[in-house]
Amino acid sequence: MTALSLLPARRSVPGVFVALTLTLAIGWLVVLLDGGQLFNQSTTVSLLHVAAGLGLVAVGQTLVILGGSLDLSVAYVISLSTLVAAETMNGSDGAVLPAIGLALVVSAGVGLLNGILVTRFRVNAFIATLGVGLLLKGYLDNGYDGPAGATAPSLVQSLGYQRVGPVPVSFLLLIAVTAAAWFALSRTRFGHHLVAVGGDPEVARLSGVRNDRILVTAHILCSMCAGLAGIYLASRLGSGAPRVGTEGLYDLESIAAVVIGGTALAGGRGGVIGTVGGVLLLASIDAIFNQLEVDAFFKQVIRGVIIIAAVAVYARRAMRKAA
């Protein structure tokens, strides 16, 4: 059962990366005809920075969606973690590690609350995580009018702006987190159980899987990934930002990347490699439209069309398999 559950994730990878390749090829040609240049260093670096922030959140979102759950609080967790990290550092290089640790602990606490509401109190994941997000929103709106704290210069330099060739360190962090999540999903008991819970919770329970523990763990990991994204954004901004998560639409964008990458919203089928492909596809569309100076509203329309098309394609594939 486990091997079969993991198989669709591997099959979904080529599709999203083919779409990514076609998008980049068409985008390069259109930008070239417009008199611009898509594949220069500044555009590539910018694209990878955008992908790094969204990708960290989307990898965590993949875990909860695979388990048949959802997390709409990630945008507020991002904002909160930027503030926790920046205010703890307060510009001191010596406080970097304590600040990162505290931000991750706070993020894990939010994930634990989400998981308990979903499993112990049987609150629908959509409502539970939305409610927790609104609680965080209330705290952020009442406690902060604008940026606060100061990110340590060493973190700004290393995570925020340092590169290895054209590849930002932040994108290498995304690759590391993705590799860890892939290993957990494909090579550990937790990953096998998570896919089983998302596929059929009752069958998983009868097979001896502790469904509640698995889902709580997935929610904690999801919030910690959002916390990592917040730390990264704090390093880019140089301070904590109480609205950076919601202004970046990281909750909806992360779900979109997961869906485009081939993970089923119902759970039990998908994987993080496809999610990274979805993230790169969304980031590439942004880069192309920025080069063409396309209206922001039209960008969102195109994103919506892509998401609907992706869901329709995966739904038709599922129907054919069922038939």
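Remember, predicted model here, so these are calculated numbers, not experimental data.

Visitor: Looking at this structure, how should I read the overall build of the chain?
Guide: If you tally the helices and strands in the chain, you get 14 helices and 2 strands. Its C-alpha radius of gyration of 19 Å places the chain within 12% of the 20 Å reference for a compact globule of 323 residues. Its C-alpha atoms give the chain principal-axis dimensions of roughly 50 × 50 × 35 Å. Here the chain holds 323 residues, and the buried ones make up 50% of them. Here the contacts in the chain between residues at least 6 apart in sequence split such that 79% fall between residues at least 24 apart. Side chains of the chain give 20 positive and 15 negative charges; the mean places of these two sets differ by 16 Å.

Visitor: Can you help me understand the layout of surface pockets in this one?
Guide: To find the voids left in a structure, one rolls a probe of water-molecule size over its atoms. Within this model, the largest pocket holds a volume of roughly 450 Å³. Surrounding the largest pocket, 20 residues form its lining, Val50, Glu247, Gly248, Tyr250 and Asp286 being those nearest its centre. Residue assignment for the lining of the largest pocket shows that the elements contributing at least two residues are α2 (41-66), α10 (211-237), α11 (244-247), α12 (250-260), α13 (272-292) and α14 (296-322). By residue class, the composition of the lining of the largest pocket is 11 nonpolar, 3 polar and 6 charged.

Visitor: What exactly am I supposed to notice about the packing of α2 against helix α7 (residues 169-187) here?
Guide: Angle between the axes and distance between the axes are the two parameters that describe a pair of packed helices. For the pair α2 and α7, the least separation of the axes is 8 Å and the interaxial angle reads 15 degrees. Taken together, the axis directions place α2 and α7 in an arrangement best described as roughly parallel. The two elements α2 and α7 cross, and the hand of that crossing is left-handed. On α7, the residues touching Leu48, His49, Ala51, Ala52, Gly55, Leu56, Val59, Leu63 and Leu66 of α2 are Ser170, Phe171, Leu173, Leu174, Val177, Thr178, Ala181 and Leu185. Of the residues that constitute the contact of α2 with α7, the class distribution is 13 nonpolar, 4 polar and no charged.

Visitor: I keep staring at the packing of helix α3 (residues 74-89) against helix α5 (residues 125-143) and nothing clicks. Help me out?
Guide: Across the interface, α3 lies against α5 with an axial gap of 9 Å and an inter-helix angle of 40 degrees. When the axes of α3 and α5 are compared, the pair comes out oblique. Handedness of the crossing formed by α3 with α5: left-handed. On α5, the residues that touch Tyr76, Val77, Ser79, Leu80 and Leu83 of α3 are Gly133, Leu136, Lys137, Tyr139 and Leu140. Looking at side-chain class alone, the contact of α3 with α5 contains 7 nonpolar, 2 polar and 1 charged residues.

Visitor: Looking at this structure, how should I read the UniProt feature "transmembrane region" (unreviewed entry) in the chain?
Guide: Under the present numbering, the feature "transmembrane region" (unreviewed entry) in UniProt falls on residues 12-33, 45-66, 95-116, 123-140, 167-185, 214-235, 255-285 and 297-315. Taken end to end, residues 214-235 is 100% helix and 0% strand, and its first and last C-alpha atoms sit 32 Å apart. From the first C-alpha to the last, residues 255-285 spans 17 Å; its make-up is 65% helix and 0% strand.

Visitor: In this structure, what is going on with a positive patch on the surface? I would like to understand it.
Guide: Residues Arg316, Arg317, Arg320 and Lys321 make up a contiguous surface patch of positive charge. Within the secondary structure layout, Arg320 lies in helix α14. By relative accessible area, which is 60% here, Arg320 ends up exposed.

Visitor: Could you clarify how one ought to interpret the packing of aromatic side chains in this entry?
Guide: The description of an aromatic ring pair rests on the distance of the ring centres and on the angle between the ring planes. Tallied over the entire structure, the rule returns 2 aromatic pairs. With centroids separated by 6.2 Å and ring planes inclined at 80 degrees, the aromatic side chains of Tyr139 and Tyr144 adopt a geometry described as edge-to-face. Where Phe289 meets Phe298, the ring centres are 6.1 Å apart and the plane angle is 35 degrees; that geometry is what we call tilted. Classification of Phe289 as buried rests on a relative accessible area of 11%. Residue class for Phe298 comes out partly exposed when judged on its relative accessible area of 41%.

Visitor: What is the right way to look at unusual backbone geometry in this model?
Guide: For residues other than glycine, phi is negative in most cases, and the peptide bonds are mostly trans. In this model, Arg122 sits at a positive phi of 55 degrees, which is unusual for a non-glycine residue. As for its position among the elements, Arg122 is in the loop between α4 (96-119) and α5. With a relative accessible area of 60%, Arg122 lands in the exposed category. In the Ramachandran plot, Leu249 falls in the positive-phi region, its phi being about 55 degrees despite a non-glycine side chain. By the element assignment, Leu249 lies in the loop between α11 and α12.

Visitor: Mind showing me how you'd approach the environment of Gly36 here?
Guide: Residue placement: Gly36 occurs in the loop between α1 (2-33) and α2. When the C-alpha atoms of Gly36 and Leu292 are compared, they prove to be 8.0 Å apart, with 256 residues separating the residues in sequence.

Visitor: Just checking my understanding: could you explain the confidence of the model for the chain for this structure?
Guide: Low pLDDT means the predicted atomic positions in that stretch should not be read closely. Model confidence for the chain is summarised by a mean pLDDT of 92, while 95% of its residues fall at 70 or above. Residue range residues 1-13 is modelled with pLDDT below 50. Its contacts to residues more than four positions away, or to other chains, number 18 contacts.

Each value, and the rule that gives it
- Residues numbered from 1 in each chain as written.
- Predicted model: local features only at pLDDT ≥ 70, side-chain atom pairs only at ≥ 80, totals over all residues.
- Heavy atoms only, no water.
- Helix = DSSP H or I, 4+ residues; strand = E, 2+ residues; numbered from the N terminus.
- Rg over C-alpha atoms; globule rule 2.2 N^0.38 Å.
- Buried < 20%, exposed > 50% of the residue type's maximum accessible area, 1.4 Å probe, protein only.
- Contact = heavy atoms within 4.5 Å.
- Lys, Arg positive; Asp, Glu negative; His and termini not counted.
- Charge placed at Lys NZ, Arg CZ, Asp CG, Glu CD.
- 1 Å grid on protein atoms, 1.4 Å probe; cavity = no way out; pocket = protein on both sides within 12 Å on 5 of 7 lines; lining within 4 Å.
- Points joined across faces, edges and corners; volume = space filled by probe spheres on them.
- Nonpolar A, V, L, I, M, F, W, Y, C, P; charged D, E, K, R; others polar.
- Axes fitted to C-alpha atoms, helices over the stretch in contact; angles between N-to-C directions.
- Parallel < 35°, antiparallel > 145°, perpendicular 65-115°, else oblique.
- Left-handed = near helix turned anticlockwise from the far one by under 90°.
- UniProt positions renumbered as here; feature names shortened; annotations may be inferred.
- Patch = residues over 30% accessible without salt bridge, like charges linked within 9 Å, V, L, I, M, F, W, Y side chains within 5 Å.
- Areas by Shrake-Rupley, 256 points an atom, 1.4 Å probe, with all protein chains shown as cover.
- Salt bridge = Lys/Arg side-chain N within 4 Å of Asp/Glu carboxyl O.
- Phe/Tyr/Trp six-rings, centres within 6.5 Å; stacked < 30°, edge-to-face > 60°.
- pLDDT = per-residue confidence, 0-100.

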